[in-house]
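The lines below spell out each chain.
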Amino acid sequence: MPECSNREIICQELLKAAGEDRDLVVLCSDSRGSASLAPFAERFPSQFVELGIAEQNLVSVAAGMALCGKRPFAASPACFLSSRALEQAKVDVAYSAANVKLIGISGGVSYGALGMTHHSTQDIAAFTSLPGMRVFLPCDGHETQALMKLLLKDGSPAYLRVSRSPSRDVYESEPQDLTPGRMIEVRPGRDVTLIGCGETVAIAKDAAALLKESGIEARVLDSFCLKPFDGAAVRRAATETRGIVTIEEHQPQGGLGALCAQAAARRGGCPVRSIALPDAPLIAGSQREVFDYYGLTAQNLADTAARLVRG
Amino acid sequence: MELCELKQESRRLRRQILDTVYHAGGGHIGGDLSVCDILNVLYNRQMDITPQNWNTPGRDHFILSKGHAAEALYCTLAGKGFFPPERLESMGRFGTGLPGHPNRKVPGVEANTGSLGHGLSLGVGMALAERMNQTGSFVYVVMGDGELAEGSVWEAAMAASHHHLERLIALVDRNRLQISGPTEQVMAQDPQQKRWEAFGWRVLEICGNDVGAIDQALTVAKTPMGAPTVILCNTVKGCGVSFMENRPEWHHRVPSASEYEQAARELSGGEEHA
């Protein structure tokens, strides 16, 4: 298990960039601790803005700063950022093409034991629905680091969801050709395709290892970017393998499974199965317990894929 | 502009707003007529915003948070030379470049507004950014009084005083009417002065249809004192047209041909308000 969580890696990258980039600013809504951004606030107080528990204001203030040439990163728990401040994200950030990076911390069921108010299982659907808003779910620390380097340089809006605890490594080092709108092939395979995003890419990798024991070669794709979405990779998988199984820490509507099904529908005849959290308030428990309860496991993914391959 | 010119300009703006709303077949004429003196003084006397310095860092910033008064803003911007006044005739037409609420694609418009309660937060962001940039520019935000029921306004209000944004100036178009009726019946906004003071703002209160009073208040507001300033502008909804004044139904209504004629006569021949 890596020592650093993705949120800590985000802070490290911001710290590296802030010294040279005086227009880089970080905004928090009483979230500097939970976002692991306290070191930034201490080291660059003149580039840090505290807004208190007021997510709507957080997002619009960030937009106002961006319209004056700043490069704001606004961090708040994903559950609040994606719901309470959605209109601010739509009008002030997306419609305005304001260079605001929204960091949704402790996404999905990272705050599992805290209960349904703290789960964010609609954020992919919410943010991908906004024009021009890119949506990223990096799967491990290496990918988070590579993605941050990219986001620190560009000038467009983005939502980035990260988990609370350190993520299991999917990659051994930073992925080299990280391109928004292009999935990364984690493992080649010709029989079936497993697609994950964020925390579930590691599960897909484990499931591929289980399938290999049964003689099934599974392609594993890391859909770290949900918008722009790599429909071409899905259509290739639909043509080259016998089916697609998606797995995501999100409800079924408007998430990875829905995006894949939409893309695959243009290649008729390819079955798509989705493993997701339900369209319901979720049970409380640790992230692992909630995953197990709803079948977001390597075994369930492997079994689903095997059934698909064997018809 | 000198004060006497500003009074002339207010008359001209009111007539242009009437024409624009009438020909577009839609618009928020009541609020346009209450806020237009404020916009006039801001653009033509107090703010450092021109088509020439639009892309120059350090100029002032303006946000019409009560975006439904778009016609008043567009007429003011056309008068300022941001775009030809003939373009106003496209309002209400399919594909117009002048939508019914301000859009950043319109020359001279800095923020997409229309969903109420966003403008003050945007202004806080701009004021924070310009303070970091050490430009000395002022940020002006015009809000409606009905808009003050949006909770996000008060999130922004507390942040502005917490961060001592002394170059942020808010103006409330206090015409006391909103679409359903008097603000005090729909959702009471009094006591305005105490509310803003409790949030740590310097509060000035004036007649918001008196260009001289608006000008004086803005001059005071621009003397820094460690806190943001709000100017409570007591205005008359529909100001300048007798049958529109203080009538909530004129929040969003198009005059008939005879009403248009009467309003045009009043605006052309009448004395300036206040």
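Thresholds applied
- Residues numbered from 1 in each chain as written.
- Chains lettered and ligands numbered in written order.
- Predicted model: local features only at pLDDT ≥ 70, side-chain atom pairs only at ≥ 80, totals over all residues.
- UniProt positions renumbered as here; feature names shortened; annotations may be inferred.
- Helix = DSSP H or I, 4+ residues; strand = E, 2+ residues; numbered from the N terminus.
- Contact = placed C-beta atoms within 7 Å.
- Nonpolar A, V, L, I, M, F, W, Y, C, P; charged D, E, K, R; others polar.
- Domains from an automatic or database assignment.
- pLDDT = per-residue confidence, 0-100.
- Core = buried A, V, L, I, M, F, W, Y, C linked by C-beta atoms within 7 Å.
- Buried ≥ 20, exposed ≤ 12 C-beta atoms within 10 Å, placed from the backbone.
- Pairing = 2+ DSSP bridges.
- Axes fitted to C-alpha atoms, helices over the stretch in contact; angles between N-to-C directions.
- Parallel < 35°, antiparallel > 145°, perpendicular 65-115°, else oblique.
- Left-handed = near helix turned anticlockwise from the far one by under 90°.
- Right-handed = clockwise from strand over helix to strand, strands pointing away.
- Expected span 1.5 Å × (residues − 1).

### Things to note about the UniProt feature "domain: Transketolase N-terminal" (unreviewed entry) in chain B
- Mapped onto the present numbering, the UniProt feature "domain: Transketolase N-terminal" (unreviewed entry) falls at residues 13-256 of chain B.
- Secondary structure content for residues 13-256 of chain B is 37% helix and 14% strand, and the end C-alpha separation is 20 Å.

### Notes on the interface of chain B and chain A
- Each side of the interface is counted separately: chain B has 19 residues, and chain A has 22 residues.
- For the side of chain B that touches chain A, the secondary structure elements donating two or more residues are helix H4 (119-133) and helix H5 (151-162) of chain B.
- Ranked by the residues each element gives to the side of chain B that touches chain A, the list is headed by H4 of chain B, at 10 residues.
- Here the side of chain B that touches chain A is built from residues that sort into 8 nonpolar, 7 polar and 4 charged.

### Thoughts on the domain arrangement of chain A
All names here are of chain A.
- Domain parsing of chain A yields domain 1 (6-161) and domain 2 (184-310).
- Computed from C-alpha atoms alone, the centre-to-centre distance between domain 1 and domain 2 is 27 Å.
- In this complex, domain 1 contributes 22 residues to the contact, which on the side of domain 2 involves 27 residues.
- Only helix H6 (123-128) and strand S5 (134-136) provide two or more residues apiece to the side of domain 1 that touches domain 2.
- Of the residues belonging to the side of domain 1 that touches domain 2, the class tally is 11 nonpolar, 8 polar and 3 charged.

### Let's talk about the confidence of the model for chain B
- Overall, the prediction assigns chain B a mean pLDDT of 96, with 98% of residues at 70 or greater.
- Interface confidence for the predicted complex, expressed as ipTM, amounts to 0.96; the pTM equals 0.96.

### Description of the nonpolar core
- Among the nonpolar cores identified, the biggest contains 189 residues, and Leu-194, Ala-207, Leu-301 and Ala-305 of chain A are the most heavily contacted of them.
- The element that contributes the greatest number of residues to this core is helix H2 (residues 29-46) of chain B, accounting for 9 residues.
- In terms of domain composition, this core takes at least three residues from each of domain 1 (6-161) and domain 2 (184-310) of chain A.
- Ignoring any residue separated from it by four or fewer positions in sequence, one finds Leu-301 of chain A in contact with Leu-194, Ile-203, Ala-204, Ala-207, Val-245, Ile-247 and Ile-275 of chain A.

### Examining the sheet that holds strand S12 (residues 272-275) of chain A
Residues and elements named next belong to chain A.
- Within the open sheet, the 5 strands sit side by side as S7-S9-S8-S11-S12. Their pairing is mixed. Either end of the sheet is taken by a strand with one partner, and the two such strands are strand S7 (184-187) and S12. Strand after strand, the sheet turns through a mean of 25° between neighbouring axes, direction not considered.

### Quick look at the packing of helix H3 (residues 55-67) of chain A against H4 of chain B
- Between H3 of chain A and H4 of chain B, whose axes approach to 6 Å, the crossing angle comes to 50°. Considering their axes alone, H3 of chain A and H4 of chain B lie oblique with respect to each other. In terms of crossing hand, the pair formed by H3 of chain A and H4 of chain B is right-handed. Together, Asn-57, Ser-60, Val-61, Ala-62, Ala-63, Gly-64, Met-65 and Leu-67 of chain A of H3 of chain A and Ser-121, Leu-122, Gly-123, Val-124, Gly-125, Met-126, Leu-128 and Ala-129 of chain B of H4 of chain B make up the contact between the two elements.
- In the contact of H3 of chain A with H4 of chain B, the residues fall into 10 nonpolar, 6 polar and no charged.

### As for the UniProt feature "domain: Transketolase-like pyrimidine-binding" (unreviewed entry) in chain A
- The UniProt entry lists residues 4-169 of chain A under the feature "domain: Transketolase-like pyrimidine-binding" (unreviewed entry), expressed in the numbering used here.
- Helix makes up 39% of residues 4-169 of chain A and strand 16%, whereas the separation of the span's terminal C-alpha atoms amounts to 11 Å.

### Re the pairing of strand S11 (residues 244-247) of chain A
Residues and elements named next belong to chain A.
- Burial along S11 is two-sided: the face carrying Ile-244 and Thr-246 and the face carrying Val-245 and Ile-247 are both buried.
- Bridge count between strand S8 (residues 192-196) and S11: 4 bridges; the pairing is parallel. Opposite Gly-196, over in S11, you have Ile-247 as the bridge partner.
- Of the pairings in the sheet, the one linking S11 to S12 comprises 4 bridges and is parallel in character. Directly across from Thr-246, in S12, lies its bridge partner Ser-274.
- Remark: the S11/helix H10 (residues 256-264)/S12 crossover connection has right-handed handedness.

### Focus: the environment of Glu-143 of chain A
Residue and element names in this part refer to chain A.
- Mapped onto the fold, Glu-143 is located in helix H7 (residues 141-153).
- For Glu-143, a count of 26 C-beta atoms within 10 Å puts it in the buried group.
- Discounting chain neighbours no more than four positions away, the residues touching Glu-143 are Pro-138, Tyr-171, Pro-175 and Phe-224.

### A look at the sheet that holds strand S3 (residues 168-174) of chain B
Residues and elements named next belong to chain B.
- Overall, parallel pairing links the 5 strands, which are arranged S1-S2-S3-S7-S6 in an open sheet. Both outer strands of the open sheet, strand S1 (61-64) and strand S6 (202-207), are each paired with one neighbouring strand and no more. Adjacent strand axes in the sheet meet at a mean angle of 20°, parallel and antiparallel pairs treated alike.
- Relative to strand S2 (residues 139-144), S1 is paired through 4 bridges, and the arrangement is parallel. Bridging across to S2, Phe-62 finds its partner in Tyr-140.
- Set on the sheet, helix H8 (residues 211-221) makes contact with S3, S6 and strand S7 (229-234); between it and S6 the angle comes to about 170°.

### Side note on unusual backbone geometry
Residue and element names in this part refer to chain A.
- With an omega of 0°, the peptide bond running from Lys-227 to Pro-228 counts as cis.
- Topologically, Pro-228 is positioned in the loop between strand S10 (225-227) and helix H9 (231-240).
- Look at Asp-30: it is not a glycine, yet its phi comes out positive at around 55°.
- Turning to its location among the elements, Asp-30 is positioned in the loop between strand S1 (24-28) and helix H2 (38-43).
- You can call Asp-30 partly exposed: it has 14 C-beta atoms within 10 Å.

### Here we look at helix H1 (residues 6-18) of chain A
All names here are of chain A.
- Spanning 13 residues, H1 covers 18 Å between terminal C-alpha atoms, matching the ideal 18 Å at 1.5 Å per step.
- All of the buried residues in H1 are Asn-6, Arg-7, Ile-9, Ile-10, Cys-11, Leu-14 and Ala-18.
- Taken together, the buried residues of H1 touch S1, H2, strand S3 (71-77), strand S4 (101-105) and H7.

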